[in-house]
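# Results of the structural survey
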There are 2 protein chains.
Amino acid sequence: MALPDTRTKILDAAERLFAEHGYRGTSVRAITDLAGANLAAVGYHFGSKAELLAAVARRVTEPIIAAQSAGLDELLARTPDPSVAELVEAFAGPLFDGMPAGDESGARTSRLIVTILSDPAEEARSWTGPDEDTVGERYLAAFARALPGLAPQELLFRMRGILAVTAVDRVEVYNRPSAACPTATEGEEARRWAITFLTAAMSAPPTRAWR
Amino acid sequence: MALPDTRTKILDAAERLFAEHGYRGTSVRAITDLAGANLAAVGYHFGSKAELLAAVARRVTEPIIAAQSAGLDELLARTPDPSVAELVEAFAGPLFDGMPAGDESGARTSRLIVTILSDPAEEARSWTGPDEDTVGERYLAAFARALPGLAPQELLFRMRGILAVTAVDRVEVYNRPSAACPTATEGEEARRWAITFLTAAMSAPPTRAWR
DNA sequence: AGCTGAGTTAAACGTTCGTTTGAATCGAAC
DNA sequence: GTTCGATTCAAACGAACGTTTAACTCAGCT
C-alpha cells in the first residue's frame, strides 16, 4: 500500500481536529503532530491555516453536493414533477451517507460541516465553492413546482429547516456520551426518521397570511 | 437614570461579543474594552472567562425556559391532553420572543444560544442550569401522550429537530447581509412559519420499522 | 483622624498562537 | 558526480492570549 503523502496526511488530521474542536480550537501544531509532519508543512503546502480549512471544506463537501446533484438528475429524468418525498430524500439523503457501520469518518464529516457552517470565525465562511449554490437553487425550483401556493420566502425557510434538522441531528449523534460509535442501524434509522420528519414538514400547507 | 455597574456592563458586552464571534473568538480584552472596564474586572467579578460565559448563558436562557415552563402549565391547566400544535407553539414560541421591532437584542440572544450550543469549546457546554432538563422532560412526556405509537427514540429525534429549526433560522436571520435589522413582521412571520413547519413534522406518522 | 474592605487600576506574568526563516535532505535529470 | 527543484526540518519571530499581582481609590464606619 502506498503510504499517503504529507499533504493528505495533514488534510486528514485537520479534518478530524476541525470537526472535534472547531477552527479556533485547533492549533496548527496539533494538526501537524497528529499528521506526523513538521509544523512548517502547513505553510508550505497550503499557505496558511485559513487556506487549509478551505481545502478541508472543499474535499468534504464536494462529494455531497455531487450526490445531491446526481440524485436530482435521476429524479428529473424519471418524471418532470417529482414528489416532495422524493425531493427530500434526494436532497437530505447524501447528508447522511458515508455514515454507517463502525466507520466513524461519516459522523466526523457531518460534524465537520456543521462546525464549519456554524463557526463564528470569518475564515470558516469564506471558502464558498461555486457549485453548492447552483444545486441549492435547482432544488429550490423543483420544490417550488412540487409545492404550488407556497410563498418563496416560506419555501426558503423550509429548505433551511432541512439543513438544520440533518445537521443538528448529526452533531447530537456524534456527541452522545455513551456508545461513541453509532451502529449501522442507528445511522440508517436516523436517516429514515429525518426523511419522514422533513417530508411531513415540507408538505405542510402554506401558513396563512398574518392578520 | 442609574448607570449600570461594572458587573452588568461586562455581562452586556460579553453577551454581544460571544454572540458575534463565539467563545474562543472573543478575548477578555475585547469584552472589557467594549464595557469600558478594566481588564482585571473579569477575573474579579467572575473568576475566569469560562465562568463569565456561564453567567451570560444563565442570564439569557433563564427567561426562555421559564416561559416554556409557564406555557406548559397554562396548557395543562386547560386540558390534560394538549394537541401537538399547542405543544409546539408553547415549546418553540419562547425561542422566538424578544425578537421583534428594531430591537436587535432578540436576534442577538437567539444567536448567542446557538453559538454557545454549537461551540466546540468544552467551556461552552459546562454551565448546565438544572431547570432546562426538567422542562424538556415535561414536554417530552406531553408529546409522548399526544403522539401515541411513536417510539421514544424517534420522539427524541423530533424534539431535537424543533431546536434545530428554530436555532438555525435565527442564525440565518441574523447573518443576512442586507437589512441587518429584521422588521417586526419578519420576526413574526418566521415564528408562524416555524410553527406550521414543526407542527406538521411532529404530527407525521411513525416511521415504519426498518426492513 | 484612622481603619476597613470592596472595587479599580496599570503592569507584568508565562504560555500559546500562526507564521517565517534558512539550512538540511532527497530523488531525479544531466 | 554534480546540479536542481521540491520537500522537510529545527528554531525562532512577534503578537495575542488568560490570568495574576500589588498598589491605589474611596465611601462608610468607629
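Our subject is the structure listed above.
An account of the accompanying structure is given in this report. Only a predicted model underlies this, so the values are computations on that prediction, with no experimental measurement involved.

What follows covers the overall build of chain A. In terms of helices and strands, chain A carries nine helices and zero strands. Sequence-ordered secondary structure for chain A, helices as α and strands as β, is α-α-α-α-α-α-α-α-α. The buried share among the 211 residues of chain A stands at 45%. Long-range contacts, defined as pairs at least 24 residues apart, comprise 74% of the intrachain contacts of chain A with a sequence gap of at least 6.

In this complex, chain A contributes 40 residues to the contact, which on the side of chain B involves 40 residues. Surface buried jointly by chain A and chain B totals about 3500 Å² across both partners, of which 71% is contributed by carbon and sulfur atoms. Where chain A touches chain B, the interface holds zero salt bridges. The interface formed by chain A and chain B contains six residue pairs in polar contact (both at pLDDT 80 or more). Elements represented by at least two residues in the side of chain A that touches chain B include exactly helix 1 (6–21), helix 6 (105–118), helix 8 (152–175) and helix 9 (184–202) of chain A. At 13 residues, the largest contribution of residues to the side of chain A that touches chain B is made by helix 9 of chain A.

The next point concerns the environment of L87 of chain A. All names here are of chain A. Following the sequence through the fold, L87 ends up in helix 5 (residues 84–92). The sequence separation of L87 and F143 amounts to 56 residues, and the corresponding C-alpha distance is 7.2 Å. Those residues in contact with L87 that lie beyond four places of it in its chain are L72, L75, P82, Y139, A142, F143 and A146.

All right, on to the protein's contact with DNA strand C then. Around DNA strand C, 14 residues are found, and the nearest of them are V28, R29, L39 and K49 of chain A together with T6 of chain B. N38 of chain B places a polar side-chain atom, nitrogen or oxygen, 3.4 Å from a phosphate oxygen of DNA strand C. Interatomic distance of 2.9 Å between a side-chain N/O atom of H45 of chain B and a phosphate oxygen of DNA strand C. Mapped by element, the contributors of at least two residues to the surface near DNA strand C are helix 2 (28–35) of chain A together with helix 3 (41–46) of chain B.

This part is about helix 1 of chain A. Residue and element names in this part refer to chain A. Helix length check: helix 1 (16 residues) gives 22 Å between terminal C-alpha atoms against 22 Å at 1.5 Å per residue, within 8%. For helix 1, every residue scored as buried is listed here: I10, L11, A13, A14, E15, L17, F18 and A19. Residue G22 follows helix 1 closely and has a positive phi angle near 80°.

What follows concerns the protein's contact with DNA strand D. The full set close to DNA strand D counts 15 residues, and T6 and H45 of chain A together with V28, R29 and K49 of chain B are the nearest of them. Taking all atoms of DNA strand D within 4 Å of the protein, the share assigned to sugar and phosphate is 50%. Between a phosphate oxygen of DNA strand D and a side-chain N or O atom of H45 of chain A, the distance comes to 2.7 Å. The separation between a phosphate oxygen of DNA strand D and a polar main-chain atom of V28 of chain B is 2.9 Å. For the surface near DNA strand D, the secondary-structure elements that each account for two or more residues are helix 3 (41–46) of chain A together with helix 2 (28–35) of chain B.

Right, let's get into the side chain of E15 of chain B. Residues and elements named next belong to chain B. Position of E15 among the secondary structure elements: in helix 1 (residues 6–21). On the basis of relative accessibility, which here comes to 10%, the residue E15 falls in the buried class. With residues up to four places along the chain from it excluded, the contact list for E15 reads V56, R59, V60, T109 and L112.

To describe a pair of aromatic rings, you give the distance between the ring centres and the angle between the ring planes. Here the structure, examined in full by the defined rule, presents eight aromatic pairs over all chains. Each ring, one from F18 of chain B and one from Y23 of chain B, has its centre 5.7 Å from the other, and the planes form 35°; the classification is tilted. Comparing F18 of chain B with Y23 of chain B shows no difference in burial state: the two are buried. Each residue in the set F157 of chain A together with W193 and F197 of chain B is aromatic and connected to the rest through ring pairs, giving one cluster. Note that K49 of chain A overlies the ring of Y23 of chain A, its terminal NZ or CZ placed 4.4 Å from the centroid.

The next point concerns the relation of the copies chain A and chain B. Between chain A and chain B, which share one sequence, the superposing operator has a rotation angle of 180° and an axial displacement of 0.0 Å; the RMSD is 0.1 Å. Interpreted geometrically, this transformation is the action of a two-fold axis. When C-alpha positions in chain A are compared against the rotation axis, the closest is assigned to A201 of chain A, at 2.1 Å. Interface residue correspondence from chain A to chain B reaches 100%, placing this contact among same-surface, isologous pairings.

This brings us to the nonpolar core. With 110 residues, the main nonpolar core has L52, F143 and M202 of chain A together with L52, F143 and M202 of chain B as its most contacted residues. Setting aside chain neighbours within four positions, we find M202 of chain A in contact with V84, V88, F143, L147, L155, R158, M159 and I162 of chain A together with F197 of chain B.

A word on the packing of helix 4 (residues 49–78) of chain A against helix 5 of chain A. All names here are of chain A. Contact pair helix 4 / helix 5: the axes reach a minimum separation of 8 Å and the direction vectors enclose 155°. Our classification of the angle between helix 4 and helix 5 gives roughly antiparallel. Crossing angle aside, the handedness with which helix 4 passes helix 5 is right-handed. Counted together, Q68, G71, L72, L75 and R78 of helix 4 and E86, L87, A90 and F91 of helix 5 form the full contact between these two elements. Along the lines of polarity and charge, the residues of the contact of helix 4 with helix 5 split into five nonpolar, two polar and two charged.

Inspection of every chain in the model, using the stated rule, returns 16 salt bridges over all chains. Salt-bridge contacts for R158 of chain A lead to E154 of chain A; the nearest nitrogen and oxygen are separated by 3.3 Å. Of the two residues, R158 of chain A and E154 of chain A both sit in helix 8, four residues apart, roughly one turn of that helix. Both residues of the pair, R158 of chain A and E154 of chain A, count as buried. A salt bridge links R16 of chain B to E20 of chain B; the shortest N-O distance between them is 4.0 Å. Remark: E20 of chain B and R16 of chain B occur in helix 1; sequence separation between them is four residues, near one turn of the helix.

Calculation rules
- Residues numbered from 1 in each chain as written.
- Chains lettered and ligands numbered in written order.
- Predicted model: local features only at pLDDT ≥ 70, side-chain atom pairs only at ≥ 80, totals over all residues.
- Heavy atoms only, no water.
- Helix = DSSP H or I, 4+ residues; strand = E, 2+ residues; numbered from the N terminus.
- Buried < 20%, exposed > 50% of the residue type's maximum accessible area, 1.4 Å probe, protein only.
- Contact = heavy atoms within 4.5 Å.
- Buried area = accessible area lost by both parts, 1.4 Å probe.
- Salt bridge = Lys/Arg side-chain N within 4 Å of Asp/Glu carboxyl O.
- Polar contact = N/O pair within 3.5 Å; in protein donor to acceptor, adjacent residues only side chain to side chain.
- Near = heavy atom within 4 Å.
- Expected span 1.5 Å × (residues − 1).
- Phe/Tyr/Trp six-rings, centres within 6.5 Å; stacked < 30°, edge-to-face > 60°.
- Lys NZ or Arg CZ within 6 Å of the ring centre and 35° of its normal.
- Least-squares fit on C-alpha atoms with pLDDT ≥ 70 in both.
- Core = buried A, V, L, I, M, F, W, Y, C linked by side-chain atoms within 4.5 Å.
- Axes fitted to C-alpha atoms, helices over the stretch in contact; angles between N-to-C directions.
- Parallel < 35°, antiparallel > 145°, perpendicular 65-115°, else oblique.
- Left-handed = near helix turned anticlockwise from the far one by under 90°.
- Nonpolar A, V, L, I, M, F, W, Y, C, P; charged D, E, K, R; others polar.

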